[in-house]
Amino acid sequence: MTLFERLTQKAQEHPQRLVLPESLEPRTLQAANKIIAEKIADVTFIGKRQAVVDKAFEFGLQHIEKANFIDPEDTTTTEPYAKLFTELRKKKGISIEEARETVKNPLYLGCLLIKRGDADAMVAGALSPTSHVLRAAFQVLKTKPGISVVSGAFIMLLPENVPFGDNHMLVFADCAVVPDPTAKELAEIAVATAATTKNIAGLDPVVALCSFSTKGSATHERVDKVIEATKLAHELDPELKVDGELQSDASIVPAIGTMKAPGSPVAGHANTLVFPSLETGNIAYKLVQRLAGAGAVGPILQGLAAPVNDLSRGATVDDIVNTIIVTCNQAIGDKKL
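Please read all numbers here as calculations on a predicted model, not as lab measurements.

(A) Broad picture of the pattern of salt bridges. Under the criterion given, the structure shown has 17 salt bridges. With a shortest N-O distance of 3.1 Å, arginine 116 and aspartate 118 are connected by a salt bridge. Residue arginine 116 is classed as partly exposed on the basis of its relative accessible area, which comes to 43%. Residue aspartate 118 is classed as partly exposed on the basis of its relative accessible area, which comes to 32%. Residue lysine 184 pairs with glutamate 188 through a salt bridge whose shortest N-O separation is 2.6 Å. Pair noted here: lysine 184 and glutamate 188 are both in helix 8 (residues 183-201), with a separation of four residues, about one helical turn. Residue glutamate 188 is classed as buried on the basis of its relative accessible area, which comes to 2%.

This is how it looks when you write it as structure tokens:
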């Protein structure tokens, strides 16, 4: 069973309430039609029901009318969400009038549905810039307890002839969000990525905090950051199998791990690599993708209090379907179903 076959089956067994705020976007409609038809999630569109259904019929999509719809212009429906946003942003001095205008924005209304307990997760970004998606999520949902930073992970699907990772998978982070994390942020990214490894990749996380040094082979303030992050990650999750600082080869090659870091519970066996900066993470995933012919599933946003994932504006219908499936599995993992 492939990764997405397994994730699809799990989503079908535990259907989550998914918000799609970009309700008239054609690729999103086509993806949602498949999600509804295959009973992968209970879909809610932010938009006028008739307008969305009419648009769907233009593309021959027969299942969209089975979704739920919330009209952001219907004040009788949106008023509770406006009041909630006023409460959430009262320290910023947001008035109820300002909140009523804000909830007309589908990205904010979608997050408010999740915050109020009326939905479980959201996928957006086919039309909206990443900054807009993240701003709504930060202001409404914030981050998980003990986590102050949002990061982005990729699941690397390795070819059969590549002898690393578990089940031909490695998880890389942060490859998408934080340019230069502090030691504390790096530790939080490690813990959040371990959850992605468990809930999405389906692996028991073995986490290496990577560096250009292995166990003191080099000295530099950037090495010190990784050493401190490893210590903090242990404190955040004492049960987590995590070690650092480790060079990438010492992380995944058993013979090198044994030689460079004898006694390490991680060296040579890591399935989760946490990089010290965005540039290293982004470079690493793109090189593995291109040179090894690996598939790259992501970025999977992690650290938010509820799952929200951002799409590339160039996303295909299949990309959106896969992102929805991943997002639903994040919600399932949060509930520990």
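Back to the write-up after that little detour.
(B) Looking closely at the sheet that holds strand 6 (residues 169-173). Strand order in the open sheet formed by six strands is 8-7-9-6-5-10, and the pairing between neighbours is mixed. The outermost strands of the open sheet, each flanked by one partner alone, are strand 8 (241-246) and strand 10 (295-302). Averaged over neighbouring strand pairs, the angle between their axes works out to 20 degrees when direction is ignored. With four bridges joining them, strand 5 (residues 151-157) and strand 6 adopt antiparallel strand pairing. When the sheet's bridge partners are listed, methionine 156 is paired in strand 6 with leucine 170. Most of the contacts of helix 9 (residues 221-236) go to strand 8, to which it runs at about 170 degrees, and overall it touches strand 7 (206-210) and strand 8.

(C) How the structure looks around the pairing of strand 7. Extensive coverage of strand 7 is indicated by the burial of five of its five residues. Residue alternation in strand 7 divides its side chains into two sets, Val206, Ala208 and Cys210 and Val207 and Leu209, and both sets are buried. Where strand 7 meets strand 8, four bridges bridge the pair, whose relative direction is parallel. Within strand 8, the position partnered with cysteine 210 by the bridge is leucine 246. For the segment spanning strand 7, helix 9 and strand 8, crossover handedness is right-handed. Sheet topology note: the strand 7/strand 9 (residues 272-274) ladder contains three bridges and is parallel. Looking across to strand 9, one finds that valine 207 is bridged to threonine 272.

(D) Spatial organisation of the nonpolar core. In terms of nonpolar packing, the biggest core is built from 61 residues, with Phe45, Ile64, Ile155 and Leu209 touching the most fellow members. Val19, Leu107, Leu109 and Ala306 belong to the second largest nonpolar core, which has 29 residues in total.

(E) Looking closely at unusual backbone geometry. Residue glutamate 245 is reached from glycine 244 by a cis peptide bond, and omega for that bond is 0 degrees. Going from glycine 298 to proline 299, the amide bond is cis rather than trans, its omega being 0 degrees. The phi torsion at lysine 142 lies on the positive side, around 65 degrees, for a residue other than glycine. Relative to the elements of secondary structure, lysine 142 occurs in the loop between helix 7 (130-140) and strand 5.

(F) Representation of helix 7 within the structure. All buried positions along helix 7 are accounted for by Val133, Leu134, Ala136, Ala137 and Val140. Take helix 7 and look down its axis: the buried residues cluster within an arc of 160 degrees, on one side only. Immediately downstream of helix 7, the backbone of lysine 142 shows phi near 65 degrees, a positive value.

(G) View of helix 12 (residues 278-291). In this model, helix 12 (14 residues) spans 20 Å end to end at C-alpha, consistent with the 20 Å of a helix rising 1.5 Å per residue. Of the residues making up helix 12, those classed as buried are Leu278, Gly281, Ala284, Tyr285 and Gln289. One side of helix 12 carries all its buried residues, which in axial view fall inside an arc of 140 degrees. Facing away from the buried surface of helix 12 by more than 90 degrees, the exposed residues are Glu279, Arg290 and Leu291.

(H) Looking closely at the packing of helix 2 (residues 26-37) against helix 13 (residues 317-335). Where helix 2 meets helix 13, the axes come as close as 8 Å, and the angle between the chain directions of the two elements is 55 degrees. Accordingly, the angle class assigned to the pair helix 2 and helix 13 is oblique. The two elements helix 2 and helix 13 meet at a crossing, and its hand is right-handed. Facing Arg27, Thr28, Gln30, Ala31, Lys34 and Ile35 of helix 2, the residues of helix 13 in contact are Val317, Ile320, Val321, Ile324 and Ile325. For the contact of helix 2 with helix 13, the per-class residue count stands at seven nonpolar, two polar and two charged.

(I) Examining the sheet that holds strand 4 (residues 121-124) more closely. Taken in spatial order, the five strands make up an open sheet running 3-2-1-4-11, and their pairing is parallel. Looking at which strands have only one partner, the edges of the open sheet turn out to be strand 3 (68-70) and strand 11 (308-310). Mean inter-strand twist for the sheet, computed between neighbouring axes without regard to direction, equals 25 degrees. Where strand 4 meets strand 11, three bridges bridge the pair, whose relative direction is parallel.

Cut-offs and rules
Residues numbered from 1 in each chain as written. Predicted model: local features only at pLDDT ≥ 70, side-chain atom pairs only at ≥ 80, totals over all residues. Heavy atoms only, no water. Salt bridge = Lys/Arg side-chain N within 4 Å of Asp/Glu carboxyl O. Buried < 20%, exposed > 50% of the residue type's maximum accessible area, 1.4 Å probe, protein only. Helix = DSSP H or I, 4+ residues; strand = E, 2+ residues; numbered from the N terminus. Pairing = 2+ DSSP bridges. Axes fitted to C-alpha atoms, helices over the stretch in contact; angles between N-to-C directions. Contact = heavy atoms within 4.5 Å. Right-handed = clockwise from strand over helix to strand, strands pointing away. Core = buried A, V, L, I, M, F, W, Y, C linked by side-chain atoms within 4.5 Å. Arc of directions from axis to C-beta. Expected span 1.5 Å × (residues − 1). Parallel < 35°, antiparallel > 145°, perpendicular 65-115°, else oblique. Left-handed = near helix turned anticlockwise from the far one by under 90°. Nonpolar A, V, L, I, M, F, W, Y, C, P; charged D, E, K, R; others polar.

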